[in-house]
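What the coordinates show
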Amino acid sequence: MSVTTETLSHEFDTTPFLRRLSVLDWLWALLVVAGTVAAHRLYSEWMDGYEVGILYGSAAALVWLGWGWKPMRGFSVAVALLSLAAIGLYGGELARGESNFFLKFLISSQSAIMWMSALYVMATVTYIFALIAGSGFSGKVASAMTWSASVMGSVGLMVRWRESYLMGADIGHIPVSNLYEVFILFAVMTALLYLTYERRYNNRAIGAFVLTVISAAVGFILWYAFEREAHHIQPLVPALQSYWMKIHVPANFVGYGAFALAAMLGVAYLLMERRPDGLLARRLPTLEVLDDIMYKAIALGFAFFTVATVLGAMWAAEAWGGYWSWDPKETWALIVWLNYAAWLHLRLTKGWRGKPLAWWAIVGLFVTLFAFVGVNMFLSGLHSYGSL
Amino acid sequence: MSQTEKTGRRQRRSGAVLLEFLGSMNLAITLLVAIAIASVVGTVLQQNEPYNNYIMKFGPFWFEVFKSLGLFDIYAAPWFLLLLGFLLISTSVCVYRNTPAIIRDMRHFRLGVQEKSLRAFHHRDEWRSPDPAAPLADTLAKRLRRHGYRVRHRQFEGYQMVAAMRGGTSRLGYILSHLSIVVICIGGLLDGNLPLRLAEWRGELKVETRDLAVSQIPPESTLGTDNSSFRGSVTIPEGSRADFVFLGMRDGYLLQKLPFTVALEAFRIEHYPSGMPKSFESDLVIIDEARGEPLRKTIAVNHPWVYKGYAIYQSSFSDGGSRLQLQAWPLDRPATEPLRIDAVVNESSRLSTPRGEYGLEIIDFKPFNVFPVEEAGSKKFNNYGPSVVFKLRAANGEAREYVNYQMPLMVEGRPFLLSGMRATPAEEYRYLHIPLDSDGGIKRFLRFLALAQEKGRISQVAHQQALNELGLTEADPLYRDFTSSMSSLVGLFVEHGIDALVELAEKNVPEEKRNEALSSYIKVVQGVLGTLYVELLREEGVDVAAGIDEQQALYFDEVLNAFSLLGPYGSPLLLRLQQYEHVEASGLQITRAPGQNIVYLGCVMLMAGVFFMFYLHHRRLWLRIEEREGQTHILFAAAAHRERGDFDSEFARLRGDLRHSSSAVLSRI
């Protein structure tokens with residue numbers, strides 16, 4: 001019987017959540033609220049009641065995110081500053097995008113998106129190098145690149161939003177209206193989701209896998225821009241002119257991003273499982289942890305995808321006269337949902353773990369991909385504005 | 001044991017087995033996957049198209065097979081509904097079987113748990129404290145409450161028991177999310193057309209497949225206002241009204257009566273510079289006899305009008321019967337003055353032409369046509385003015401579709417009048433380019449055509465060429481051959497186009513000499529028509545003594561190009577749009593969906609349920625506090641539902657805090 005003094009300190013703080021926040025946390029909240037009120041006052045003529053609600057709702061979500069995940073603050077501030085700089089440089093004239101040096105080469109939406117593309121690809125290469133060489137420094141560089149790419153992607157979307165209004169007040173809209181724009185959203189969303197896990201599990205080896213799928217998305221963005229000239233801002237068809245787009249599409253892409261992340265974790269899992277003492281086993285977290293992150297990603301994706309589908313149904317009821325029409329996109333959303341519902345049941349109720357679920361998550365990405373891109377390419381229907 | 005008792009038990013047993021099967025996870029997962037796969041089929045195979053399209057695509061055999069499997073309306077097929085029904089039952093059974101246990105689990109703190117069981121927990125700890133048990137139990141209970149736990153504290157004989165839990169709502173998430181599926185299915189069932197299908201199956205309802213006027217639709221294809229759920233559409237021209245909608249069903253429709261009348265006062269549409277619609281809206285009036293006063297409201301896309309449970313949506317727009325004034329120029333022996341035709345879009349009329357009686361069906365009218373043009377590297381949009389789409393139906397029932405543009409189009413700096421033709425809607429239009437003369441009209445073209453169709457004039461030209469250029473005399477045997485083949489070549493070309501000359505060459509000339517022959521045919525035709533062209537110019541008073549200028553030469557080539565396509569063009573007339581009065585029609589969708597709010601309730605339950613399940617964690621803690629040998633022994637155990645690695649750290653922190661609060665001095669006995 002050993003007798004030792006209790007060494008565990010009571011680090012578990014029981015003060016209520018709000019009281020635990022520091023001055024910096026409150027400054028962050030203040031900053032977001034101030035920015036939101038300013039945006040509201042500046043642009044209120046373009047917003048209806050719902051959109052004002054969405055604006056303040058997203059501000060609240062951003063404050064909460066910044067409290068729970070501190071790097072979000074620096075990220076948001078960087079995005080805000082660069083976007084404001086671009087808006088200031090434009091000063092109400094779209095033509096300055098060609099004449100102003102900073103806009104033309106850095107922060108006009110198209111330039112920012114190109115920077116994002118380059119940085120994501122570079123980050124992918126660096127992550128892979130870090131994984132193989134076991135270089136911690138390279139890993140940090142890769143993380144920094146991923147953060148910068150995400151900043152540039154977000155700036156690209158923000159500035160694109162502004163540019164659409166500069167093209168004409170009746171053309172202006174949030175840039176989540178076609179395949180080109182949502183692919184950027186997809187890349188940024190997947191990267192940000194990955195970065196939360198990178199921090200939480202303090203492991204950068206997963207980045208080599210996740211950034212690969214982001215690079216594939218970047219490849220599509222580049223092809224779509226250069227081959228199809230899809231980067232031009234297009235006005236909205238009447239059916240899309242609704243506040244619903246602002247919540248339905250982003251919610252969907254949290255889902256898609258999380259599913260993509262889970263699939264890449266599945267790939268990592270399967271590769272590592274083959275060689276239990278190989279390189280990957282030395283760099284990646286344990287199989288159990290990979291399995292657990294995979295579950296968390298799918299749970300998150302499923303929750304958001306559920307919300308997105310419900311919002312989509314409500315929008316459909318308002319725009320097309322019925323909350324469900326068995327339109328190909330709707331049906332594929334259901335298929336994706338059923339697929340992950342089955343996955344979750346297998347894991348939570350049947351107690352499946354590991355290999356079969358990793359395979360299933362990878363197949364799930366293809367199902368998701370078809371719902372996201374394939375439907376627009378191969379099937380016609382009400383969602384045809386997203387077509388290739 | 002009596003026989004009845006035995007069967008009773010067996011029944012009970014088979015009932016339990018059935019319940020077991022219906023509630024089994026394997027069945028649930030199989031159903032989820034099966035429905036997903038069936039749904040894929042429905043997206044790959046376009047649903048609810050006209051049956052003819054399917055017959056063309058799959059042939060009559062597979063058409064029948066697919067039809068009997070319900071693949072053309074898969075989401076209403078009995079077997080698909082059966083799958084959904086099974087999912088509903090399976091989910092219901094799951095909820096039914098698990099709910100009591102879950103509720104018990106959420107409410108009970110399990111104060112009576114045995115010490116032995118606690119020791120078997122993965123998360124557990126023990127320590128000792130000098131403090132007496134009862135106040136210590138109070139202190140620790142308070143501590144747990146500060147951590148957000150709900151706490152029960154009971155004194156047993158010889159020991160204190162503190163049981164705590166948090167996140168029980170996550171178990172509620174299970175009930176909510178699964179019950180929501182049932183709720184959504186019930187709502188969806190209320191809004192589905194199952195009653196209509198049953199009525200049809202009983203023979204009380206018949207899907208109408210003929211194209212009838214509303215007043216002609218028989219009662220067995222008409223639904224009264226007692227039909228509680230439907231989704232129909234109707235097109236109302238400006239200034240008109242309707243008290244019905246059409247429900248599309250398979251290859252036909254049903255007429256649904258409304259308890260009120262909807263009138264369209266005005267329709268407005270705005271366009272972007274690209275010609276794409278920017279917004280469209282309808283000023284509607286509802287005339288409801290039960291109400292008296294008419295109600296007015298403007299609806300637009302995304303902004304429906306809900307009246308007495310009927311939702312009216314702006315879904316599309318079309319031509320509502322624009323009145324057109326057309327000029328008809330006969331293409332056989334063209335006259336100098338055209339016929340005037342007054343036509344209405346969506347209506348048809350009879351035309352008598354030299355080629356017999358034709359039916360003219362005006363299909364569509366567009367007041368403008370915007371197409372992108374590439375200009376100096378940048379995209380611009382050009383408006384090509386109004387267009388009219390019509391069909392000309394010959395007496396034998398064959399029809400060709402035409403699209404005619406009102407305004408001339410510039411091609412390489414030269415003005416043309418455009419008319420497109422196609423034999424079936426699946427084809428692309430082939431365009432006839434008619435060159436405009438120096439007056440900007442088509443009169444010279446038509447005069448030229450008339451000349452070219454005059455057999456006498458052609459023979460005359462042939463005669464002169466035989467005499468002047470070949471030096472033949474009328475008595476020469478070659479003379480007859482030469483002039484008659486010349487006339488027939490020109491006749492063929494003018495009547496059937498260049499294709500006829502190609503055919504002729506293929507028929508009469510061996511392959512290696514065909515190209516040569518064809519070019520000599522063309523030369524002959526060009527020669528004859530060229531002579532005629534000069535004569536025409538001279539007749540028009542143009543000075544051609546010094547030959548014709550470049551513009552006139554170009555015009556000649558363009559006319560020849562047009563002539564060569566007149567055969568395939570296949571119309572006895574050339575229609576030109578003169579004036580129009582645009583009438584628009586608004587496409588409305590009117591629905592009644594009493595299940596909508598039930599579905600939404602289900603959706604809210606689903607979203608709440610999913611988040612509760614994933615983001616709240618059900619955790620239980622127990623503290624068994626016992627005084628033994630002058631010291632207080634504390635046994636701390638914890639259980640997390642669906643235990644995950646995450647709980648480890650929380651447990652460690654809780655343990656530290658509790659030990660600290662109980663002034664623990666001794667660790668791990």
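The structure presented is a predicted model; accordingly, all values stated were derived computationally and were not measured. (Residues numbered from 1 in each chain as written. Chains lettered and ligands numbered in written order. Predicted model: local features only at pLDDT ≥ 70, side-chain atom pairs only at ≥ 80, totals over all residues. Heavy atoms only, no water.)

**So, the pattern of salt bridges**
All names here are of chain B. In plain terms, the rule: The rule for a salt bridge is simple: a side-chain nitrogen of Lys or Arg has to be within 4 Å of a carboxyl oxygen of Asp or Glu. Relative accessible area decides the class of each residue, using a 1.4 Å probe on protein chains only: under 20% of the type maximum gives buried, over 50% gives exposed, and in between gives partly exposed. A run of H or I in DSSP counts as a helix once it spans at least four residues, and a run of E counts as a strand once it spans at least two, with each numbered from the N terminus.
Scanning the model with the defined rule gives 42 salt bridges over all chains in all. A salt bridge links R110 to D105; the nearest nitrogen and oxygen atoms lie 2.4 Å apart. Residue classification places R110 among the partly exposed residues on the basis of a relative accessible area of 43%. As a salt-bridge pair, R447 and E540 come within 2.7 Å of each other at their nearest N and O atoms. Of this pair, R447 sits in helix 9 (residues 443-453) while E540 sits in the loop between helix 13 (514-539) and helix 14 (550-569), placing them 93 residues apart in sequence. On the accessibility criterion, E540 (28% relative accessible area) is partly exposed. Connected via shared salt-bridge partners are E115, R119, E126, R624, E626 and R628.

**Regarding the domain arrangement of chain B**
All names here are of chain B. Selection criterion: Domain borders in the structure are assigned automatically or taken from a domain database. Buried area adds together the accessible area that both of two parts lose upon being put together, with accessible area traced by a 1.4 Å probe. Here a polar contact is taken to be a pair of N or O atoms separated by no more than 3.5 Å, where protein atoms must pair a possible hydrogen donor with a possible acceptor and residues adjacent in sequence count only if both atoms sit in side chains.
Split by domain assignment, chain B resolves into domain 1 (11-104), domain 2 (124-168 + 619-668), domain 3 (205-228 + 230-318 + 584-592), domain 4 (323-439 + 577-581) and domain 5 (447-575). With centres defined by C-alpha atoms, the gap from domain 4 to domain 5 works out at 27 Å. In total, domain 4 and domain 5 occlude about 2,600 Å² of area from one another, counting both sides; carbon and sulfur atoms represent 64% of this. Applying the counting criterion to the domain 4 and domain 5 interface returns 1 salt bridge. Applying the counting criterion to the domain 4 and domain 5 interface returns 10 residue pairs in polar contact (both at pLDDT 80 or more). Among the secondary structure elements, those contributing two or more residues to the side of domain 4 that touches domain 5 are strand 12 (323-330), strand 14 (348-353), strand 15 (356-366), strand 18 (387-393), strand 19 (399-405), strand 21 (414-422) and strand 22 (430-435).

**Considerations on the pairing of strand 21 of chain B**
Residue and element names in this part refer to chain B. Rule in force here: Only when DSSP finds a minimum of two bridges between them are two strands counted as paired.
In terms of residue burial, strand 21 counts as a mostly covered element, since 8 of its 9 residues are buried. One ladder, built from 4 bridges, connects strand 19 with strand 21; its direction is antiparallel. What sits directly across from E401, in strand 21, is R422. Relative to strand 21, strand 20 (residues 409-411) runs antiparallel, the two being bridged by 3 bridges.

**A few points about a positive patch on the surface**
Residues and elements named next belong to chain B. Where we set the bar: What makes a patch is a set of residues exposed beyond 30% relative accessible area and free of salt bridges, joined within 9 Å when like-charged and within 5 Å when nonpolar (Val, Leu, Ile, Met, Phe, Trp, Tyr). Computed by Shrake-Rupley with a 1.4 Å probe, the accessible areas treat only the displayed protein chains as cover when residues are assessed. Counted as positive: Lys and Arg. Counted as negative: Asp and Glu. His and the chain ends are not counted at all. Note that the charge is assigned to NZ on lysines, CZ on arginines, CG on aspartates and CD on glutamates.
Together, K142, R145, R150 and R152 make up a region of like positive charge exposed at the surface. When residues of the positive patch are traced back to their parent elements, those giving at least two are helix 6 (133-146) and strand 2 (150-156). Relative to the elements of secondary structure, R150 occurs in strand 2. Using a relative accessible area of 43% as the deciding quantity, one classes R150 as partly exposed.

**Some points on the interface of chain B and chain A**
Stated formally: We call two residues in contact when some of their heavy atoms are within 4.5 Å. Think of it as three bins: nonpolar holds Ala, Val, Leu, Ile, Met, Phe, Trp, Tyr, Cys and Pro, charged holds Asp, Glu, Lys and Arg, and polar takes everything else, Gly as well.
Across the contact, 63 residues belong to chain B and 63 residues belong to chain A. Summed over both partners, the interface of chain B with chain A comes to about 5,500 Å²; 66% of that surface belongs to carbon and sulfur atoms. Of all residues in chain B, T43, N302 and F614 of chain B bury the most surface against chain A, accounting for 12% of the area lost on that side. Counting the contacts that link chain B with chain A gives 1 salt bridge. Of the charged contacts, one joins K278 of chain B and D170 of chain A as a salt bridge, the two residues approaching to 2.6 Å between their closest N and O atoms. Viewed at the interface, chain A and chain B are joined by 19 residue pairs in polar contact (both at pLDDT 80 or more). Put simply, the parts of the chain that give the side of chain B that touches chain A at least two residues each are helix 2 (25-44), helix 6, helix 7 (169-191), strand 8 (277-287), strand 24 (584-592), helix 15 (596-615), helix 16 (645-661) and strand 27 (666-667) of chain B. Of all the elements, helix 2 of chain B adds the most residues to the side of chain B that touches chain A, at 11 residues. Its residues assigned to classes, the side of chain B that touches chain A shows 32 nonpolar, 17 polar and 14 charged.

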